[in-house]
Amino acid sequence: MTTILNNHEQQLTIKLHYGAANSDLYITAVYAKCTPEERRELWNSLELTNLQVNGPWCIGGDFNVILDPDEKKGGKPHRINKSLEFSTCMDNCGMIDLGFVGPKYTWCNNWEPRRRIWKILDRVVEEVWRNHINGNPLWRLQQKLKMLSKRLTQWSKDDIGNIFNQVQH
């Protein structure tokens with residue numbers, strides 16, 4: 001059974017209940033705003049969501065901020081204070097960056113080569129998110145979450161049971 005736990009402007013959290021194991025799995029999709037002030041609402045929302053989560057929690061999406069200077073190439077050097085609120089939110093929620101498989105950088109400003117900037121901004125299981133969806137950002141997020149939900153339900157009960165067992169141990 002799938003229910004929406006939190007539907008915020010910059011994040012959507014769903015709760016998946018796996019009856020055979022009587023366990024819950026939480027998934028949050030993030031589409032963060034561009035300015036630090038606007039993202040502050042996201043960090044607060046994630047910290048409030050954390051209080052409602054009782055089980056494994058996967059958070060992914062476009063956070064519009066990096067954690068480490070190695071996640072950026074080009075432009076002015078990254079100042080770590082720009083990552084402080086994101087890092088604090090991750091600590092407060094007990095989040096761990098699981099890393100990324102795929103291209104080194106997920107975003108580029110596409111400017112001329114000497115002014116080009118590359119960053120790692122997207123943090124999620126990438127297959128569903130590669131699909132192109134037309135529309136405004138929130139519509140695209142909602143459609144991709146629907147695809148993600150369908151993808152998760154395609155897993156056999158054994159596969160989901162194995163995931164729950166691995167996460168719980």
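The written sequence of each chain sets the order in which its residues are numbered from 1. Reporting in this predicted model follows two pLDDT cut-offs: at least 70 for local features of residues, and 80 or more for side-chain atom pairs to be given and counted; totals over whole chains, interfaces and linings ignore these cut-offs and use all residues. Hydrogens and water are ignored here; the side-chain numbers use all heavy atoms of the structure.

Time to look at unusual backbone geometry. Backbone phi values are negative for most residues with the exception of glycine, while trans is the configuration of most peptide bonds. Phi is positive for asparagine 64, which is not a glycine, with a value near 55°. The way it works is that DSSP assigns letters per residue, a run of H or I at least four long becomes a helix, a run of E at least two long becomes a strand, and they are numbered from the N terminus. Among the structural elements, asparagine 64 can be located in the loop between strand E4 (57-62) and strand E5 (72-73). Three exposure classes are used, based on accessible area relative to the maximum for each residue type with a 1.4 Å probe and protein chains only: buried under 20%, partly exposed in between, and exposed over 50%. Relative accessible area serves as the criterion here: at 21%, asparagine 64 is assigned to the partly exposed category.

Right, let's get into the pairing of strand E1 (residues 2-8). For two strands to pair, DSSP has to find at least two bridges joining them. In the sheet, E1 pairs with strand E2 (residues 11-18) via six bridges, with the strands oriented antiparallel. Paired with isoleucine 4 across the bridge in E2 is isoleucine 14. Counted along the chain from E1 to the antiparallel partner E2, the turn is two residues long.

Right, let's get into the environment of glycine 60. The residue glycine 60 is located in strand E4 in this model. For glycine 60, a relative accessible area of 1% gives the class buried. Sequence-wise, glycine 60 and alanine 29 are 31 residues apart; in three dimensions their C-alpha atoms are separated by 5.3 Å.

This part is about the environment of glutamate 47. Checked against the element boundaries, glutamate 47 lands in helix H1 (residues 36-52). Under the relative-accessibility criterion, glutamate 47 is labelled partly exposed at 25%. Between the alpha carbons of glutamate 47 and glycine 94 there is a distance of 9.8 Å; along the sequence they are 47 residues apart. Contact between two residues is taken to exist if any of their heavy atoms lie within 4.5 Å; hydrogens are not considered. Ignoring sequence-local partners within four residues, the contact set of glutamate 47 consists of Thr88, Cys89, Asn92 and Cys93. Throughout this description, a polar contact denotes any pair of N or O atoms lying within 3.5 Å of each other; where both atoms belong to protein, one of them has to be capable of donating a hydrogen while the other can accept it, and for residues adjacent in sequence the pair is counted only when both atoms sit in side chains. Separated by 3.0 Å, the side chains of glutamate 47 and asparagine 92 make a polar contact.

You can see threonine 49 is positioned in helix H1. With a relative accessible area of 0%, threonine 49 lands in the buried category. There is a polar contact of 2.9 Å between the side chain of threonine 49 and the side chain of glutamine 11. Setting aside anything within four residues of it in sequence, one finds threonine 49 in contact with Leu5, Asn6, Gln11, Thr13 and Trp57.

Looking at the chain as a whole, its pLDDT mean stands at 80, while 80% of the residues score no less than 70. A residue's pLDDT is the predictor's confidence in that residue, given on a scale from 0 to 100. The least confident element of the chain is helix H5 (residues 157-168), whose mean pLDDT is 49; the most confident is H1, at 96. Long-range and interchain partners of residues 155-160, a stretch whose pLDDT sits below 50, account for five contacts in this model, where long-range means more than four residues apart.

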